[in-house]
Structure formats: structure tokens, C-alpha cells
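This is what each chain is made of:
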Amino acid sequence: MADKLWLRVITPSSLVVDEEVDEVLAPGELGEFGILPGHVPFITLLAPGELIYRKDGTEKRFILLGGILEVKDDKVKVLTEFVEDPSSIDPAVARKELEAVMEELKGFGGSSKELKELTRKLKLAQIRAGIG
Amino acid sequence: MPSLRQIRRKISSVKGTRRIMSAMKLISAVKLQRVQGLLLAFRPYSDAFSEIAKDLAFRCDPKWHPLLRRPQERKKLHVVFMTSDRGLCGSFNSNLIRRMETFLVIDAKAYEQVSFRFVGKRGRDHFRRQKVQVQVGEFVTAKSYIGVNERNFGPVAKEISSDLSREFAQGEVDEVILVYNYFKSALSQVITFERILPIEPEERLGDSRAIDYIYEPDREGVLNFVLPRYVETRVERALLESITSEHGARMTAMENATRNADEVIRKLTLLFNKTRQALITKELMDIVNGTEALRKGGVD
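Note that this is a predicted model, so its numbers are computed, not measured.

Student: Talk me through the overall build of chain B; I want residue IDs and the actual numbers.
Tutor: The helix and strand inventory of chain B stands at 5 helices and 6 strands. Ordered by position from the N terminus, the helices and strands of chain B form the series α-β-α-β-α-β-α-β-β-β-α. In summary, chain B has a C-alpha radius of gyration of 30 Å against a globular reference of 19 Å for 300 residues, an excess of more than 25%. Viewed in the frame of its principal axes, chain B has a C-alpha envelope of about 120 × 40 × 35 Å. The burial tally for chain B puts 46% of its 300 residues in the buried class. Look at the contacts in chain B between residues 6 or more apart in sequence, and 83% of them connect residues 24 or more apart. As presented, chain B carries roughly 16100 Å² of accessible surface, and 53% of it is formed by carbon and sulfur atoms. Here chain B contributes 51 positively and 38 negatively charged side chains, and the mean placements of these two sets differ by 11 Å.

Put into C-alpha cells, the structure is as follows:
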């Protein structure tokens, strides 16, 4: 058993992360979970949220929009449409966007599918505004 | 011998053509650079999706999801044929069309029905014009997509792939192949026939079916997420390969054409100078002969 994980985060437009790490925390559909070396083969859908990984005591975070994560033989593969570096987000803008989504939610009267989409948007806005 | 004026006119017309070709080369070079960046970034993503999908196809029972269907008999073939809208790109389209024709004559015999989806005017027009007489039970022409470029290929891929997934899941087709030019470099594009459905189960080395994944939230959710996206990324990738190849092929073709034009200009200039020289010599000889005749006349 290796004592490191090989993490790859891939989006359609770039290979965001491709390195050896100690630990990965990811936002699963059923809640946040952690992965350490030696994890059993595992495949899960990701919810919008924060992906955190630790390496030699330092920690890095990414915001992602959902996707899929596969763990196998100490290789962690994350496929997602879009990731964002939290430090590049302007908190004031993010809060405004959150308010806009809340506003939209108040006057909501659409189908359950639209509601699902809107909830997703709300969740993402909350995370971006730092209160998720 | 052509007159000086004729040669001069010819030179200037070749020069005009050369300018256009050299401009087209530059435009293609710029577009190639942009789209090649997209392609290189997209390749790992689509490869990763294929890997997961093939792995799931290996572990999962075909009954668990309609896209995992593995038809016993493959009777109905669907071909997505990707060419460009415009020419002036060397053998980019013609090679692909020729290979497709060979395929239709030889391999397609095994099927009862072959249907098409065309991306790009060239392939569509060719097969429409030829009214392809194929030795298969039935030949169906389906939709075609014109004007697909590096800006709109995403939505096009979405539309094509969701149609393909539905048709395959409902049993309207048993097998789907993508035919396109794979981008190796600006100088070389590789004709590719790629089967995307049914999904080929693939055993990863030193692996066994016995160790299954843990699925979250459940297996169905994961399959529902991965499989349609697998089809989509395959189509998107193939479109991107084809578009990149087109720009590469056009750039190379235009570069060769520019070089040929230079050669023609060189030859014509040589001819021009020779003709001018011959004219001068002729005139000189006339003058010399004239004075000679005058002088002789004076002595007599």
C-alpha cells in the first residue's frame, strides 16, 4: 500500500491538478467525505462544493460544480465541468449573486426539475459567498 | 512566343493568387493554434471519461442501463461522418470519403441497414450527389449539420450525442461509429473509424470483476451520470479533432500552394526576361543590318 494518493482533477479545458497528495476531502452527493491512501475502489457523484486536498502539511481548495470522482489503486480521478480557485472570487460580488438567487427562489412557481436546478445554483452561490 | 504584355499580365495574376493563398495560410495558422489548444486540453478529460465508461461496462450487467446494451446481432449501423464545409484543404475530405466508400462496399455488407449523420457539407454533398448505391439492405440518410466550427461544436455535440444515445437505447440502431480525421500534427491527420456504442468493456490490467466499486449515491445514479456523458465527450472530442485537422490540413495545403506559386512566378519572370532580351537582340540586329545595308549602298 502506497502512503500517497495520486490526485488528478480534470476539466474539459485543463488538467487542474496532477500530483501526489496525502489526503483528499470532497463534496459527495451524500455529504462530504475524506479519502486516505488505501481506500477501497469507489465511484461517486459530486455535488457543488469545495474540494480540499492536503500535501505535506499545506492545504489547497477548489470550488467545483459537481462531477464524478473515482478512487482506485490509490489514484483519485475527479472529472468536473468547471473548477474555480476560491481566492479569485470577489466576496462582494459573490454575496450579490447569492441574493439574486434567493430573490429568484422567493417567487418560484416552476416544476420540480427547475427547483432542483435552482437549489443547485443556490448551493453554489452559498459556497462562493463563503457561507455554504 | 507570348508577348511581353501577356507574360506580365500572367505574372501579376499569379501574384494575386499567391497573396490570397498566403493570407489563407496565415488565417488557418491562427485558427489552428487556438483550436489546437482546446483539443489538447480536452483530450485528457474525454479519455478519462472513456476509461471510466469502459470500466463500468466491464463490471456492470448490460441489463442495468440501456446504454450498456450489447446487441446479440448487429444489424443496424449508424455512421457519424465528419468532414469540413469548405475545400482548399488538400486531401482532408477526399481521403476520408474514399475510405468511407471502401467501407460501404466491403464491411457494410454485414449490416442490414446503414444510416448516416453528416457533419460538414463536403461529405454530405458527396454522398447525396452519388446517390450512393450501397450493397446493403437499406440506406438511410439522416440529419446533417453544416457550419460547425470551433465556437459552436459544444452544443452540436450535445444534440448529436443525445440523439445517438436515445436511438441506441431504444434499439433503433445497434452500433454507432464516428468517422473523422484524428489530429496528429498540422502535417498529418489520421483517418479514424471509432466505435462508441455499444461500449466496449475493457479489463484494466491485473483487475478482476470480483472487486466491484462502491457506488454513491447508488449504481444507477452513477451510470446515469457517466454513460450519456461518455457518448457526449466522444462526439465532442471527434468534432474537435476534425476541426483541428481541417485547419492543419488547410494550413499545409496553402503553404504548398504558396510555394508552388513562387515557383511559377520565378519561371514566368525568367521567360519574361528571356523574351525581352530576345526582342532587344532582334531590334539591335535590325539596326545593325540597316546601317550595314546603308553603308554598302553608299560605297556602290
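Still more to cover.
Student: A description of the pairing of strand 2 (residues 14-21) of chain A should follow, citing residues and the corresponding values.
Tutor: Residues and elements named next belong to chain A. Sheet analysis places strand 1 (residues 5-11) next to strand 2, joined by 7 bridges and oriented antiparallel. Bridging from a neighbouring strand, Ile10 pairs with Leu15 of strand 2. Linking two consecutive strands that pair antiparallel, namely strand 1 and strand 2, is a turn of 2 residues.

Student: I'd like a rundown of the interface of chain B and chain A, residues and numbers included.
Tutor: Between chain B and chain A, the residue contacts involve 24 residues of the former and 22 residues of the latter. Between chain B and chain A, roughly 2000 Å² of surface is buried when both sides are summed, and carbon and sulfur atoms account for 68% of that area. If you sort the residues of chain B by the area they bury against chain A, Tyr45, Tyr213 and Glu216 of chain B come out on top, with a joint share of 31%. Seen at the junction of chain B and chain A, the total is 2 salt bridges. The residue Lys77 of chain A makes a salt bridge to Glu51 of chain B at a minimum N-O spacing of 2.9 Å. Inspection of the region where chain B meets chain A yields 5 residue pairs in polar contact (both at pLDDT 80 or more). Per-element tally for the side of chain B that touches chain A: the top contributor is helix 1 (residues 4-59) of chain B, with 11 residues. Considered class by class, the residues forming the side of chain B that touches chain A number 16 nonpolar, 1 polar and 7 charged.

Rules behind the numbers
- Residues numbered from 1 in each chain as written.
- Chains lettered and ligands numbered in written order.
- Predicted model: local features only at pLDDT ≥ 70, side-chain atom pairs only at ≥ 80, totals over all residues.
- Heavy atoms only, no water.
- Helix = DSSP H or I, 4+ residues; strand = E, 2+ residues; numbered from the N terminus.
- Rg over C-alpha atoms; globule rule 2.2 N^0.38 Å.
- Buried < 20%, exposed > 50% of the residue type's maximum accessible area, 1.4 Å probe, protein only.
- Contact = heavy atoms within 4.5 Å.
- Areas by Shrake-Rupley, 256 points an atom, 1.4 Å probe, with all protein chains shown as cover.
- Lys, Arg positive; Asp, Glu negative; His and termini not counted.
- Charge placed at Lys NZ, Arg CZ, Asp CG, Glu CD.
- Pairing = 2+ DSSP bridges.
- Buried area = accessible area lost by both parts, 1.4 Å probe.
- Salt bridge = Lys/Arg side-chain N within 4 Å of Asp/Glu carboxyl O.
- Polar contact = N/O pair within 3.5 Å; in protein donor to acceptor, adjacent residues only side chain to side chain.
- Nonpolar A, V, L, I, M, F, W, Y, C, P; charged D, E, K, R; others polar.

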